[in-house]
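Fold and geometry: a report
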Amino acid sequence: MIYPSYLMQIQFIFFDLFNTLVHFSPPREEIQVKACSLNGLTIELDMIKSAYVTADKLLSFENSVNPLFNRSSTDKSRFWAKYQQTLLSEAGKNVTLDEAGEIFKTVRSIKQELVLYDDVIPVFNSLNQLGLNLGIISNMDQNIKSLLLKLDINQFIDVAVTSRDAGVAKPNPGIFQYALTQASVSPAKALHIGDDLEGDVVGAINSNMKAILLDRDERDNKNLEIPVISSLEDLPGLVLSI
């Protein structure tokens, strides 16, 4: 249960980007199935979906140790091959690191785009009407401003910070502290929302911010000692209940 007091004094709400505000179209699970098929590997869609949980934990951990943007192109390729191998292993398919690397190259070659979840714009409008400032904290390794313009949400965002801007990646507290500085807000008055328990929630809490886990797939997160929501639509009501 999320108690209203948890959100008292919140002035600034930060959001993760991938799988929180935006998702791939077609979905990344479908892209994986297609890429595997093109490489002679048959895999079930549902297996890939659940396997992403473990693979994304690997990504979060690696970013905490040595952010990908700091790595050479060779090291990045090696990591993504390991990521792909972990993903397929969790889905019940064992491949060599070289085979995983080739499959990941195919994944990257398939046309896809980032699109907003349906709940984003209505919730942004509601939060703006409540007088709250909004921001983004993302581990993406590219120009976030051009993406926000393409998604047509730049007008809602007061501060947008990437790992490249901060020099460190989530869950390192440094990226959250950098965002707080850019927003001129104290940690006690800031809330971060994201889909990654370690990268988003633990990272924010270790920076003395409030945090909420967004669990769009409604996994078994009921016993966590932090607030959990399944849709951004739950957020304005929580703020209004204060």
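Residues numbered from 1 in each chain as written. Predicted model: local features only at pLDDT ≥ 70, side-chain atom pairs only at ≥ 80, totals over all residues. Heavy atoms only, no water.

To continue, consider the sheet that holds strand β1 (residues 12-15). Read from one edge of the open sheet, six strands run β5-β4-β1-β6-β7-β8, paired in parallel fashion. Where the open sheet ends on each side, the last strands, each with one partner, are β5 (159-162) and β8 (228-229). Here four bridges tie β1 to strand β4 (residues 133-138), and the two strands are oriented parallel to one another. Looking at β4, one finds that Phe-15 is bridged to Ile-136. The sheet contacts of helix α8 (residues 173-183) involve β1, β4, β5 and β6 (190-194), and relative to β5 the element is tilted by about 155°. (Pairing = 2+ DSSP bridges. Helix = DSSP H or I, 4+ residues; strand = E, 2+ residues; numbered from the N terminus. Contact = heavy atoms within 4.5 Å. Axes fitted to C-alpha atoms, helices over the stretch in contact; angles between N-to-C directions.)

Here we take up the side chain of Gln-32. Within the fold, Gln-32 resides in helix α1 (residues 28-38). Accessibility expressed as a relative area gives 1% for Gln-32, which makes it buried. (Buried < 20%, exposed > 50% of the residue type's maximum accessible area, 1.4 Å probe, protein only.)

This part covers α1. Along α1, the residues classified as buried are Arg-28, Glu-29, Ile-31, Gln-32, Ala-35 and Cys-36. In an axial view of α1, the angular spread of the buried residues amounts to 155°, which keeps them on one side of the axis. When the buried face of α1 is taken as reference, the exposed residues oriented beyond 90 degrees from it are Ser-37 and Leu-38. Next to the buried residues of α1 lie β2 (22-25), α2 (45-65), α3 (73-90) and α4 (97-109). Two residues or fewer after α1 comes Gly-40, characterised by a positive phi angle close to 80°. (Arc of directions from axis to C-beta.)

Two quantities define a packed helix pair, namely the angle between the helix axes and the distance between the axes. Contact geometry for α3 and α4: axes closest at 8 Å, N-to-C directions at 100°. What the angle tells us is that α3 and α4 run roughly perpendicular. For the pair α3 and α4, the contacting residues are Trp-80, Ala-81, Lys-82, Gln-84, Gln-85 and Leu-88 in the first and Leu-97, Ala-100, Gly-101, Ile-103, Phe-104, Val-107 and Arg-108 in the second. Considering only residue class, the contact of α3 with α4 consists of eight nonpolar, three polar and two charged. (Parallel < 35°, antiparallel > 145°, perpendicular 65-115°, else oblique. Nonpolar A, V, L, I, M, F, W, Y, C, P; charged D, E, K, R; others polar.)

The next point concerns the nonpolar core. Across soluble globular proteins, nonpolar side chains have a tendency to be buried as a group. Membership of the largest hydrophobic core comes to 32 residues, with the highest contact counts inside it found for Ile-13, Phe-15, Leu-21, Phe-124 and Ile-193. Elements with a minimum of two residues in this core: β1, β3 (113-116), α5 (120-129), β4, α6 (144-151), β6, β7 (210-214) and α10 (234-240). Not counting residues up to four positions away in its chain, the partners in contact with Phe-124 are Phe-15, Leu-21, Leu-134, Ile-153, Phe-156 and Ile-157. Core analysis: the second largest hydrophobic core is formed by 23 residues, Leu-41, Ile-48, Ala-51 and Ala-91 among them. (Core = buried A, V, L, I, M, F, W, Y, C linked by side-chain atoms within 4.5 Å.)

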